[in-house]
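Below, each chain spelled out in residue letters.
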Amino acid sequence: MAAPLEFQGATKHFGSQVALDHLSLAVERGEILGFLGPNGAGKTTAIHLALGFLRPTAGGGTILGRPFGDTASRARIGFLPDSPTYFAGTASGAVELAGRLNDMGNPQLRERAKSLLAQLNLSSAGKDARRFSRGMQQRLGMAQALVNDPELLILDEPTSALDPPGVLEVRELLRAARDEGKSIFFSSHQLSEVEHICDRIAFLDKGRMLRHGPLASFLEDSGRVEVVTQGLPASAEVFQPYRLYLSESTDGFLHFVVPVKLQRALIEQTWTAGGELVSVSPLRRTLEDLFVAWSGEARDGEVPDK
Amino acid sequence: MMKAWLIAQRLLWQNRWLFLMLMFWPYVMAIVLCVGGSPDPDDVLWMLHQECFAGLALVAVTGSTLLGNEHRSRRIIMVLARSVSRPQYLFSLLLTAWLPLVLYVSGFLVSGIVLAKMLHSSFEGIFVMALAQLVLGVWAGAVSVFWSVLLPQILASIVSVACVGLAVYIGELGMIGPGRMLLVLFETAISGGNVGAAIGVDAVLTLLAGGVWFAAASWTFSRRDLNLTAD
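Only a predicted model underlies this, so the values are computations on that prediction, with no experimental measurement involved. (Residues numbered from 1 in each chain as written. Chains lettered and ligands numbered in written order. Predicted model: local features only at pLDDT ≥ 70, side-chain atom pairs only at ≥ 80, totals over all residues. Heavy atoms only, no water.)

Peer 1: For the interface of chain B and chain A, give the residues involved together with the corresponding values.
Peer 2: The interface is formed by 29 residues belonging to chain B together with 36 residues belonging to chain A. Counting the surface lost from both chain B and chain A, the interface buries some 2,900 Å², and carbon and sulfur atoms represent 57% of this. Along the contact surface separating chain B from chain A lie 3 salt bridges. As a salt-bridge pair, Lys12(A) and Asp225(B) come within 2.6 Å of each other at their nearest N and O atoms. At the surface where chain B touches chain A, the tally comes to 18 residue pairs in polar contact (both at pLDDT 80 or more). Where the side of chain B that touches chain A is concerned, the elements lending two or more residues are helix 1 (2-14), helix 4 (41-73) and helix 5 (75-80) of chain B. Counting residues per element, the side of chain B that touches chain A draws most heavily on helix 1 of chain B, at 7 residues. In terms of residue class, the side of chain B that touches chain A is made up of 13 nonpolar, 5 polar and 11 charged. (Contact = heavy atoms within 4.5 Å. Buried area = accessible area lost by both parts, 1.4 Å probe. Salt bridge = Lys/Arg side-chain N within 4 Å of Asp/Glu carboxyl O. Polar contact = N/O pair within 3.5 Å; in protein donor to acceptor, adjacent residues only side chain to side chain. Helix = DSSP H or I, 4+ residues; strand = E, 2+ residues; numbered from the N terminus. Nonpolar A, V, L, I, M, F, W, Y, C, P; charged D, E, K, R; others polar.)

Peer 1: Explain the sheet that holds strand 13 (residues 253-259) of chain A to me, and be specific about the residues and the numbers.
Peer 2: Residue and element names in this part refer to chain A. Strand order in the open sheet formed by 4 strands is 12-13-11-14, and the pairing between neighbours is antiparallel. Taken across any chain shown, the strands that pair with only one partner, and hence form the sheet edges, are strand 12 (246-250) and strand 14 (276-282). Within the sheet, the average angular offset between the axes of one strand and its neighbour, ignoring direction, is 15°. Contacts between helix 8 (residues 260-272) and the sheet are confined to strand 11 (224-230), strand 13 and strand 14, with strand 13 contributing the most and set at about 145° to the helix. (Pairing = 2+ DSSP bridges. Axes fitted to C-alpha atoms, helices over the stretch in contact; angles between N-to-C directions.)

Peer 1: An account of the pairing of strand 13 of chain A is needed here, citing residue identities and associated values.
Peer 2: All names here are of chain A. Of all 7 residues in strand 13, 5 are buried, a share of seventy percent or more. Across 7 bridges, the pairing between strand 11 and strand 13 is antiparallel. Of the residues in strand 13, the one forming a bridge with Gln230 is Phe253. Note: strand 12 against strand 13, 4 bridges, orientation antiparallel. Residue Thr250 lies in a different strand from strand 13, and its bridge partner there is Phe253. Remark: 2 residues form the turn of the hairpin made by strand 12 and strand 13, two consecutive strands paired antiparallel; Asp251 in that turn has positive phi of roughly 50°. (Buried < 20%, exposed > 50% of the residue type's maximum accessible area, 1.4 Å probe, protein only.)

Peer 1: Let's hear about the pattern of salt bridges: which residues, and what values?
Peer 2: Enumeration over the complete set of coordinates arrives at 16 salt bridges over all chains. The partner of Arg74(B) in a salt bridge is Asp82(A), and the shortest N-O contact between them spans 3.8 Å. Of this pair, Arg74(B) sits in the loop between helix 4 and helix 5 while Asp82(A) sits in the loop between strand 6 (77-80) and helix 2 (91-101), which puts the two residues in different chains. Here Asp103(A) ties to Lys3(B) by a salt bridge, and the two come within 2.6 Å at their closest N and O atoms. Pair noted here: Asp103(A) is in the loop between helix 2 and helix 3 (108-119) and Lys3(B) is in helix 1, and the two residues belong to different chains. You can call Asp103(A) exposed: its relative accessible area is 51%. Within this structure, Asp128(A), Arg130(A) and Arg131(A) form a network of salt bridges that share partners.

Okay, here's the thing in structure tokens:
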């Protein structure tokens, strides 16, 4: 079965500027894929290509098995843009309009709209959606994206304007959607959010995809361990080669953060010198560390092979 | 059709005050003419012809600015992200440009009939002008939507109104279709004199010309990027 969303060498130029450079990436069924990158990386361009707002300069892709821009397949997609905007009218009117434009009819539509608005705390929202706060507009956009019970959700910065309770609500909605087998393509700058809910990530910079894979593999693979010792002073002869790696010294406990290849030597030498080993913990990297490191690589021109 | 109507409803509601104000324009002009007592027949005819042109200009300007407004507000992506094709979307813009003309023409009709009564004249010409406006409105709307796909708003408005003016010139050269239909609009007397025998054929040809302009607009728009600031 074809992936719900697949970019096949998608390329987009705006004049001489390359916004997206041969992006090949697939979102699998029932997964949440986080699409990361600094401003101007090409994330929104990729989303706009998938939805047919832009035409690729080269390459292309499929969405629910149909070429990008196919009108009928959009009835099975939910989309939330980074800054949703609305016609004059109520929240329920906006959600019902989205449903009708996706071929839904009453009474199913009215029921669905009502339940989504309740879930997103918008039941008692004011009369004109244009005058909602940004957070409310974002929640309303989420209700519009979910109204047609889509197979694929494409979300551009879905939590950027939400307060912490709003973020939790959206997180729960997305997890529930994934558990129902829906696929979610999620572009965000909010790295903690991505860490919480994404199964895989793809990192884009200057239009090129630099990394992609399971989130857990990136976070676990820091290549460093924290070794905590006790019973020997930091000035001990045995620690001379490791002084660079000493990160903290409190109450007789010495914390070393060393590359994996040095951990065995450090542990053995500590024991030999009469010290005690308190703990050895593999260090988990944060997405923020990775984001900064990958952006730096791209700046320095060290772009790895895809 | 249904989707285009749903979108057009929202767009019309968005601009409702402007359209309602324009609907009252023919009444205001009629009152101005009547202020000094019984109006002069030549003044009335001149005013009716001006109102006809203003009606078409209303369609042309509305049609040529809607797409730019929707791009700028980014509402266009909230619509085109759903199961709405580009031609359906453009059709909703055409409806939004044309439907206010129906309101405007209703004002034109009522005020025109009242003025004709005051002049003790028959008013068949008012009906001819009203119908010609509605038919030409479809054509002018399609022309303006076409230009709005290619040009920025102000330029599209100027070029659309220029197209209407050019069609009058072409009509004077004896060309059929919208050109001759425009001449009908500007040469018909209040009593209905000077109406060409081929007005029915010209009306059909005008609608067909509108269809061709709309098809060209749809074809072009379907092959263009939306004008959005991309990240």
